[in-house]
Amino acid sequence: MGLSKENIGADQESSCTQVTTTIKRRIRRKKLRAAKFLTSVKVNIDHNTINVREYSYSNTANIVPKTQKDFDTKINSDEIKKTLDVPLKNTSLEDRIEKMSSKQGSEKTRDDVMATREAKKLLKQKAKAKNIENKDNGSTNIQLPTTIRDSETKKNISTNVIKNPPKIPVACDKINSTPSITTKAESPKSKDEVDRAIQNDNIDINADKSKELIKAERAAKKAAKQAKKKPIQESGDKNAVVAQDFTVKDVVNTLKDIVNIAKDVQAVTDKVIAIDFTTKKGEESTKSKAELRAERRAKQEAQRASKQAAQQQIPAEVKTEQPSKQVDKPKEVKHFYSKTAVEKSKPKSQGMQKMNWFQHLYTEHDKESLKQMAINSNLHPAVIKLGVQLASRVVTGSNARCIALLDALKKMVRDYSLPARTEFARGLEAQLAASVEFLWAVRPPAASQTNALKYFRYHLTQLPNNVDEFDAKKRLQEEIDRYIREQIDMAGEAISIAVRNKISTNDNILTYGCSSLIERILCEAQAAGVVFRAVVVGTRLQRGAREMLRRLLARGVRCSYADISALNYLMRDMNKVLVGAASLLANGAVLAPAGTLQAALAARAHNVPLLVACETHKFADTVQTDAFVHNEIGDPDDLIDKNDENSPLKDWRTNPNLSLLNLMYDVTPPSLVTAVVTELAILPCTSAPVVLRFKLSEYGL
Amino acid sequence: MKKEEVQDIFLKILREEEDVSAGVAAIKTLLTVIENYKVATVRELDLNLQLAVDAMRHCDQPVTAISSGCQLFMRFITFAKLDVKSFEECEQIMLQRGRIFLDTLLEARGKVAKQALPFISDGCKILTHSRSRVVLQAMLEAAKANKRFQVFVTMSCPDNSGVRMHKELEAAGIEATLILDSAVGYIMEQMDIVMLGAEGVTESGGIINKIGTYCLAMSALELKKPVYVLTESFKFSRIYPLNQRDVPNEFKYLSSVLSSGDLSKQHPLVDYTPPAYITLLFTDLGILTPSAVSDELIKLYL
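Residues numbered from 1 in each chain as written. Chains lettered and ligands numbered in written order. Predicted model: local features only at pLDDT ≥ 70, side-chain atom pairs only at ≥ 80, totals over all residues. Heavy atoms only, no water.

K.L.:
Any chance you could explain the overall build of chain A here in plain terms?
P.N.:
Looking only at helices and strands, chain A has 27 helices and ten strands in total. The buried share among the 701 residues of chain A stands at 57%. The long-range fraction of contacts in chain A, counting pairs at least 24 apart against all pairs at least 6 apart in sequence, stands at 84%. On chain A, roughly 28600 Å² of surface is accessible, and the fraction owed to carbon and sulfur atoms is 53%. (Helix = DSSP H or I, 4+ residues; strand = E, 2+ residues; numbered from the N terminus. Buried < 20%, exposed > 50% of the residue type's maximum accessible area, 1.4 Å probe, protein only. Contact = heavy atoms within 4.5 Å. Areas by Shrake-Rupley, 256 points an atom, 1.4 Å probe, with all protein chains shown as cover.)

K.L.:
How should I be thinking about the UniProt feature "coiled-coil region" (unreviewed entry) in chain A in this particular structure?
P.N.:
Within this numbering scheme, the UniProt entry marks residues 466–493 of chain A as carrying the feature "coiled-coil region" (unreviewed entry). Regarding residues 466–493 of chain A, the helix share stands at 89% and the strand share at 0%, and the terminal C-alpha atoms are separated by 39 Å. (UniProt positions renumbered as here; feature names shortened; annotations may be inferred.)

K.L.:
In this structure, what is going on with the interface of chain A and chain B? I would like to understand it.
P.N.:
Quite often, the size of an interface is put as the accessible area lost when its parts meet. Residue-level contacts link 18 residues of chain A with 15 residues of chain B. Across the chain A/chain B interface, buried area totals approximately 1300 Å², and carbon plus sulfur atoms make up 59% of it. Three residues stand out in chain A for area buried against chain B, namely A:Lys502, A:Pro684 and A:Val690, and they jointly supply 29% of the buried area on that side. Across the salt bridge formed by A:Lys502 and B:Asp246, the nearest N and O atoms sit 3.2 Å from each other. Linking chain A with chain B are five residue pairs in polar contact (both at pLDDT 80 or more), by the criterion used here. Per-element accounting of the side of chain A that touches chain B gives the leading share, three residues, to helix α27 (residues 688–699) of chain A. Here the side of chain A that touches chain B is built from residues that sort into ten nonpolar, four polar and four charged. (Buried area = accessible area lost by both parts, 1.4 Å probe. Salt bridge = Lys/Arg side-chain N within 4 Å of Asp/Glu carboxyl O. Polar contact = N/O pair within 3.5 Å; in protein donor to acceptor, adjacent residues only side chain to side chain. Nonpolar A, V, L, I, M, F, W, Y, C, P; charged D, E, K, R; others polar.)

K.L.:
Please clarify how the packing of helix α19 (residues 398–415) of chain A against helix α22 (residues 469–502) of chain A should be interpreted in this entry.
P.N.:
Two packed helices can be described by the angle between their axes and the distance between those axes. Residue and element names in this part refer to chain A. Their axes nearest at 9 Å, the elements α19 and α22 cross at an angle of 170°. Taken together, α19 and α22 sit at an angle that is classed as roughly antiparallel. Here Asn 399, Cys 402, Ile 403, Leu 406, Leu 409, Lys 410, Val 413, Arg 414 and Asp 415 of α19 come into contact with α22, specifically with Lys 473, Leu 476, Gln 477, Ile 480, Asp 481, Tyr 483, Ile 484 and Ile 488. Of the residues belonging to the contact of α19 with α22, the class tally is ten nonpolar, two polar and five charged. (Axes fitted to C-alpha atoms, helices over the stretch in contact; angles between N-to-C directions. Parallel < 35°, antiparallel > 145°, perpendicular 65-115°, else oblique.)

K.L.:
Looking at this structure, I do not really get the packing of α19(A) against helix α20 (residues 424–442) of chain A. What am I missing?
P.N.:
All names here are of chain A. As a packed pair, α19 and α20 sit with axes 11 Å apart at the nearest point and diverge in direction by 145°. The two elements α19 and α20 cross, and the hand of that crossing is right-handed. Residue-level contacts link Leu 405, Leu 409, Met 412 and Val 413 of α19 to Leu 428, Gln 431, Leu 432, Ser 435, Leu 439 and Trp 440 of α20. (Left-handed = near helix turned anticlockwise from the far one by under 90°.)

K.L.:
Mind showing me how you'd approach the environment of A:Asp621 here?
P.N.:
Residues and elements named next belong to chain A. Positionally, Asp 621 belongs in the loop between β7 (610–613) and β8 (665–668). On a C-alpha basis, the gap between Asp 621 and Ser 583 in space is 9.9 Å, while along the polypeptide they are 38 residues apart. Among residues more than four places away in sequence, those in contact with Asp 621 are Lys 454, Ala 586 and Leu 692.

K.L.:
Before we go on, may I ask you to explain the packing of aromatic side chains in this structure?
P.N.:
How two aromatic rings sit relative to each other is given by the distance of their centres and the angle of their planes. All names here are of chain B. Scanning all chains against the criterion turns up eight aromatic pairs over all chains. An angle of 45° between the planes, with centres 5.3 Å apart, marks the rings of Phe 76 and Phe 101 as tilted. With Phe 76 in helix α4 (residues 63–78) and Phe 101 in helix α5 (residues 87–116), this residue pair connects regions lying 25 residues apart in the sequence. Geometrically, the ring pair formed by Phe 119 and Tyr 228 is edge-to-face, given 5.2 Å between the ring centres and 70° between the ring planes. Of the two residues, Phe 119 is situated in the loop between α5 and β1 (124–128) and Tyr 228 in strand β7 (residues 227–230); the sequence distance between them amounts to 109 residues. Taking relative accessible area as the criterion, Phe 119 reaches 28% and is therefore assigned partly exposed. The class of Tyr 228 is buried, set by a relative accessible area of 10%. Members of the aromatic cluster, joined through ring pairs, are Phe 73, Phe 76 and Phe 101. Over the aromatic face of Phe 76 sits the side chain of Arg 97, whose NZ or CZ is 4.2 Å from the ring centroid. (Phe/Tyr/Trp six-rings, centres within 6.5 Å; stacked < 30°, edge-to-face > 60°. Lys NZ or Arg CZ within 6 Å of the ring centre and 35° of its normal.)

K.L.:
Could you clarify how one ought to interpret the layout of surface pockets in this entry?
P.N.:
The rolling of a water-molecule-sized probe over the atoms marks out the regions of remaining empty space. Residue and element names in this part refer to chain B. In this structure, the second largest pocket spans a volume of roughly 950 Å³. As for the second largest pocket, its lining consists of 40 residues, of which Pro 62, Arg 131, Arg 133, Asp 159 and Glu 199 are closest to the centre. Broken down by secondary-structure element, the contributors of at least two residues to the lining of the second largest pocket are α1 (3–16), α2 (22–36), α4, α6 (133–144), α7 (161–171), β6 (207–210) and α10 (249–252). Looking at the lining of the second largest pocket element by element, the count peaks at three residues for α4. For the lining of the second largest pocket, the per-class residue count stands at 15 nonpolar, ten polar and 15 charged. Each of domain 1 (3–108) and domain 2 (112–301) gives at least three residues to the lining of the second largest pocket. (1 Å grid on protein atoms, 1.4 Å probe; cavity = no way out; pocket = protein on both sides within 12 Å on 5 of 7 lines; lining within 4 Å. Points joined across faces, edges and corners; volume = space filled by probe spheres on them. Domains from an automatic or database assignment.)

K.L.:
I'm lost on the sheet that holds strand β9 (residues 675–677) of chain A in this one. Help?
P.N.:
Residues and elements named next belong to chain A. One open sheet holds the seven strands; their spatial order is β3-β2-β1-β4-β7-β9-β10, and the pairing between them is mixed. Since the sheet does not close on itself, it has two edges, and those belong to β3 (559–563) and β10 (682–683), each with one partner. Sheet strands touched by helix α24 (residues 543–554): β1 (507–512), β2 (532–538) and β3. Its angle to β3, the strand with the most contacts, is close to 165°. (Pairing = 2+ DSSP bridges.)

K.L.:
What exactly am I supposed to notice about the nonpolar core here?
P.N.:
Nonpolar side chains tend toward joint burial in soluble globular proteins. Residue and element names in this part refer to chain B. Grouped together as the largest cluster of nonpolar side chains are 59 residues, with contacts concentrated most on Phe 73 and Leu 127. A per-element tally of this core places α2 first, with nine residues. Built from parts of two domains, this core gets at least three residues from each of domain 1 (3–108) and domain 2 (112–301). Non-local contacts of Phe 73, meaning those with residues more than four positions away in its chain, are made with Ile 27, Leu 30, Leu 31, Ile 34, Gly 98 and Phe 101. (Core = buried A, V, L, I, M, F, W, Y, C linked by side-chain atoms within 4.5 Å.)

K.L.:
Explain the pattern of salt bridges here, please?
P.N.:
Any two side chains of opposite charge can pair, so long as their charged atoms come close to each other. Evaluation of the coordinates by the stated rule reveals 30 salt bridges over all chains. As a salt-bridge pair, A:Glu547 and A:Arg550 come within 2.5 Å of each other at their nearest N and O atoms. Note that A:Glu547 and A:Arg550 are positioned in helix α24 at a spacing of three residues, about one turn of the helix. The shortest N-O distance in the salt bridge between B:Arg238 and B:Glu203 comes to 3.4 Å. Taken together, the positions of B:Arg238 in the loop between β7 and α10 and B:Glu203 in the loop between β5 (200–201) and β6 put the pair 35 residues apart, joining distant regions of the chain. Given a relative accessible area of 1%, B:Glu203 falls into the buried group. Each of the salt bridges in this network shares a partner with another, and the network as a whole consists of A:Glu519, A:Glu547, A:Arg550 and A:Arg551.

And the structure:
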């Protein structure tokens, strides 16, 4: 208290002291009460919101002058996201409050809380059905802002005041200095400062109104606390409802709230990072935040769903479109409004902006799934290891993933202990389902993996009822071995021979990306003495292409490397294009790593025949005509050039106009493919269903 | 069994029987081989047949049909249940199946011709290339059914077999016109349909036919004229050319030319028409689209 008084300019002290202390006391009490409220939040939400609303308008008026500075500062979307991240549960909120108090003394806490409360109140305003009441309340208070606008001088004074207090180090590094200063300014200032500011306005306006303002403050605090649990969209909503007259103030308030919440969140994030067991980039902290926030939001949305009036949303959106008075911050708030208006209960993975047409492809980040795994789950360690390998993209490539999966399944079968009175098939099926669910959550399966699993499941169900455990295990493991041997090894050999017959002497063969099968074909052709030259085309993102190049060179294949941008230049001199595939679809389209379609188009443009080498176990009976309807989203940060320090994509998360999209696969239509080389025969692409039918009859799948 | 003997039989059949295609003659030869040259085991029989096919390949006759026909023949006769006690019985079974195969084959042409009948409408103009017995039969059938149509035949160098086709059509009372190979582009806009025969049908659904077919099919596609290929099913082959160069040399050149060594100055006899240029294939298995050829082939072979 005393500290804050000193920091604040002397000019305001005298007149305000008396009122200040009482106000302070009241506010302190309110705060404690509010803290208690939080523990039994749900019951009290409505009650609190009512209070909040009453106070909100007056409070907005008060807050404007203080946060004048905020208008000038550009707050990173990062910050705002942080602040808008309200990931913590009730208990943690209390911890946070305690932390706040422990951090910087009671005054700061109170100020913080008040500010946050104000922010929260704004956040919550629009949300409830009681917004109607809100409006009623609002109308009475509408005069306030006008009066405050009149009092320009007050604003100036408060800003001066703000400049003076010393900076108090805050845990959150990323918050812009200026806003942090403003918030810090608030914190060292005791209630006195705030009260004084309020009082300044009040004195100018009305004694009655001052009381209202005080009430408003209290309500604002409560609201802020409430709002901490709710996503920012509420603030947007609130702002929207009030927007007509309050846009500026709301913005300011929300700014303050955001800053405060950001601090809180950062503190919690640090804690989370400390206990985080995956060791990747710091983004994981944001992920955990996002995760928690998602949980909370899901809860809250469920609560709010019924109450939230549709019409509230529309005016909210309409009002948020008003750009006139709004500054950067409002833009960011608007951004979140529009998103929430879509009512997506999916978590924003890492808070990144989602592309319009790919919203259905975004899933929780693989690493989050890893974390969600229960500690006492009885997944086999080999399965968990595979999950980590898949998530971190250590194991890539259709064949590799298939073999890795079968390997893990083999180990699982080997170590499976049959519980008493359980049939082997049933028991193992249950564990299989759990393992598979985990793996697919970590990374969506490739067609080869789904087919392998189908095969395994088929043989599992084929086991006789009273089979001996040892026999069953042995048989399953044998089946797995046979699958790998026949479908992958021997098929690869057959395809290699077939393609070798197609390679004429002194052929120039172009291949795109990385494929274990293509590598095998080229190496074996070289070993068999066929004279040819290979060109490997890759992109900056694909480590695989360069790795394959290395391996080909080691085996003595004459090859060179080019970037994808050189495709058309090279294609003139090429005789054949040979690519691998992730899977072959039932309509004859080829699902392959992104960029293959590019190579196919270039080949067609230059009349170069395109051969796709694909074992029959990769044939899927799904149909896809384009790469939008079903795809996999990779890590967007891979698109950023690591060697370029001033990459314009570096801070893409903070830029609301920029999103990065990293699609993993693309679909090549059958019209561009000359032939598909399988172990059965060299076929036209359109014969894919024939092969599927054939496989069905042979393998009984 | 000697190579020359087989060749003699083969050439004799070609000489004596009228209007027999090389493929049919080859299969008749194989049947004769089974009948005349007695062997003790299935394996020996198989070897004999392989030798016979090889011999026929070096006869300076178009190899495409011979190769595909013989392969299918051998597959067909060995597809029977051969787990009988004695080899003689085995042989008899194979012989029987061989005869069935041949009979089916001989009827094939008639079937194809009948299928093509509804596609020849009154007053239509048909463009055809070189001499194909199947197309000829189809047109004769149509004439018998009192359809009025005009046929334009290319001369098809170097052997001018189109001239012979023209003569045969005129003799049957069909209005026929002989045009230069190079006049195909000029005349295409006046045509209604294009009818072609085939020496071989590839796994991709494309055809191998007399040189000049590719050009004709390309201009037909450009001018939106349907291209119908009339062929028997024994011409289905398992080769899959990726482009013109990828067609096996033994199809493109006569065996005598092949053995001479230098092919760079030689002119190929056949070319490959990719499936994109073909609308429909009329076969004794039915009317197929090019993509269905692979399906049929898999059924035949796997």
